[in-house]
Amino acid sequence: MATGGDRDGVTYNRDGRLPSFAEVPAEQRGPPMKYDRLGFPIPPEFSVPSSDGAGPPPLPHASTTATEKPRVNRWKRYILLGVLAAVVVPGLLAPGIGPAVSRIVIDWSLERAMAHEAHDDLRGAIGDLGMAIRWAPKNGDLRSRLLCWRAMLRIENRDPQGAITDANHAIQVAPTLSQPRRVRALARVMLDDTDAALADAQVAVDLAGPNDPEALNHRAYIRALVGRDLEAALADIDAALEDGEGGSPELLDTKGFVLHLLGRHHEAVDLLNVAIADTRRTRLQLAAAVHHMPPDELAYQLRSVDHGLAVMLHHRGLACRGMGLEGQARQDLDEANRLGFAPDRGIF
């Protein structure tokens, strides 16, 4: 499971549902919010990559191509500044406009956060998400998912304790979502809090349901990362593959890693070969869309794919080493490091 996360990731990279604005009349609500595979909200300018990683990513609408994007962004900024100026004097706002203003600010902040993350400006992305969180409803799924996204960025920014603080808040505002538990489990792995990490992974399965493939994949991966209950981890990922996405690279990577830890290196390499080949194919499809995608969106998606590929290559390198293939192992491990493999940043 590539974790730049995990669905929730964070493998990381895999969840989502619209926030509730029941108190606002339908005609005054903003457009529906879209979510990526990790469950993080996506602003309108960004398209969502294929969920199975098998086909080419969807192209953005013609009105948001790279040549027109700067003009659209300038227009949005002018509108946003005008709206924010009006907010300074609450009396100027008619009843019911508040949610529409919030949606504009949130969308704008998420667009900036994705652009900053795409170019490895984690502090900038964390700040942008802070703005979105301040404008999100105080309770509900949207605020929880934004907090989880910021928690994942804090993990990558070497701040697992800050990630736990965000995950705790996310649990408070949406206690039935499994994503905050999955994010917190990853942070606890980084802090060597093994028992707490396993407990979070278990609660995530309880919340998502015993047959949820992403929750099962996550629990299997946490068990593998801490080297605990490996036979149970194998049972988890087998169930996820049977009931879930068939042979998605993320699930195959998890199983390959577990098999390696169980000493079944040949089987591990066979699965990891498939996962790596599929992921490389996805990357080639993305690169081919360079003239059809806004540059920030392309960079954001490529960054996620590269981190997932880095984790898979590292796992194959370990399995090759277990087979005595030191040359192949060194090649895989070096490429994994070049693509961003970094346990101290949660890319493991």
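What counts as what
Residues numbered from 1 in each chain as written. Predicted model: local features only at pLDDT ≥ 70, side-chain atom pairs only at ≥ 80, totals over all residues. Heavy atoms only, no water. Axes fitted to C-alpha atoms, helices over the stretch in contact; angles between N-to-C directions. Helix = DSSP H or I, 4+ residues; strand = E, 2+ residues; numbered from the N terminus. Parallel < 35°, antiparallel > 145°, perpendicular 65-115°, else oblique. Left-handed = near helix turned anticlockwise from the far one by under 90°. Contact = heavy atoms within 4.5 Å. Nonpolar A, V, L, I, M, F, W, Y, C, P; charged D, E, K, R; others polar. Core = buried A, V, L, I, M, F, W, Y, C linked by side-chain atoms within 4.5 Å. Buried < 20%, exposed > 50% of the residue type's maximum accessible area, 1.4 Å probe, protein only. Polar contact = N/O pair within 3.5 Å; in protein donor to acceptor, adjacent residues only side chain to side chain.

Q: How should the packing of helix α2 (residues 98-118) against helix α3 (residues 122-135) be read in this particular structure?
A: A pair of packed helices is characterised by two quantities: the angle between their axes and the separation of those axes. Between α2 and α3, the least distance of the axes is 8 Å, while the angle of their chain directions is 165 degrees. Between α2 and α3, the interaxial angle falls into the category roughly antiparallel. Here α2 and α3 pass one another in a crossing that is left-handed. Between α2, through Val101, Ser102, Val105, Ile106, Ser109, Leu110, Arg112, Ala113, His116 and Glu117, and α3, the contact on the second element is made entirely by Gly124, Ala125, Asp128, Leu129, Met131, Ala132 and Trp135. The class makeup of the residues in the contact of α2 with α3 is 10 nonpolar, four polar and three charged.

Q: Looking at this model, I keep getting lost on the nonpolar core. Mind explaining?
A: Soluble, globular proteins show a tendency: their nonpolar side chains are buried together. In this structure, Leu146, Trp149, Ile155 and Ile222 are the most contacted members of the largest nonpolar core, which totals 71 residues. Looking at this core element by element, the count peaks at nine residues for helix α4 (residues 141-156). Counting six residues, the second-largest nonpolar core is a separate cluster that includes Leu286, Ala289, Met293 and Val305.

Q: Would you explain the side chain of Arg303 in this entry?
A: Summarising the element assignment, Arg303 is placed in helix α12 (residues 295-322). A residue is classified by how much of its surface remains accessible, and Arg303, at 10% relative accessible area, is buried. Here Asp120 takes part through its side chain, which lies 2.6 Å from a polar atom of the side chain of Arg303. Residue contacts for Arg303: discarding those within four places in its chain leaves Glu117, Ala118, Asp120, Leu122, Glu156 and Arg345.

Coordinates in, geometry out; function isn't part of it.
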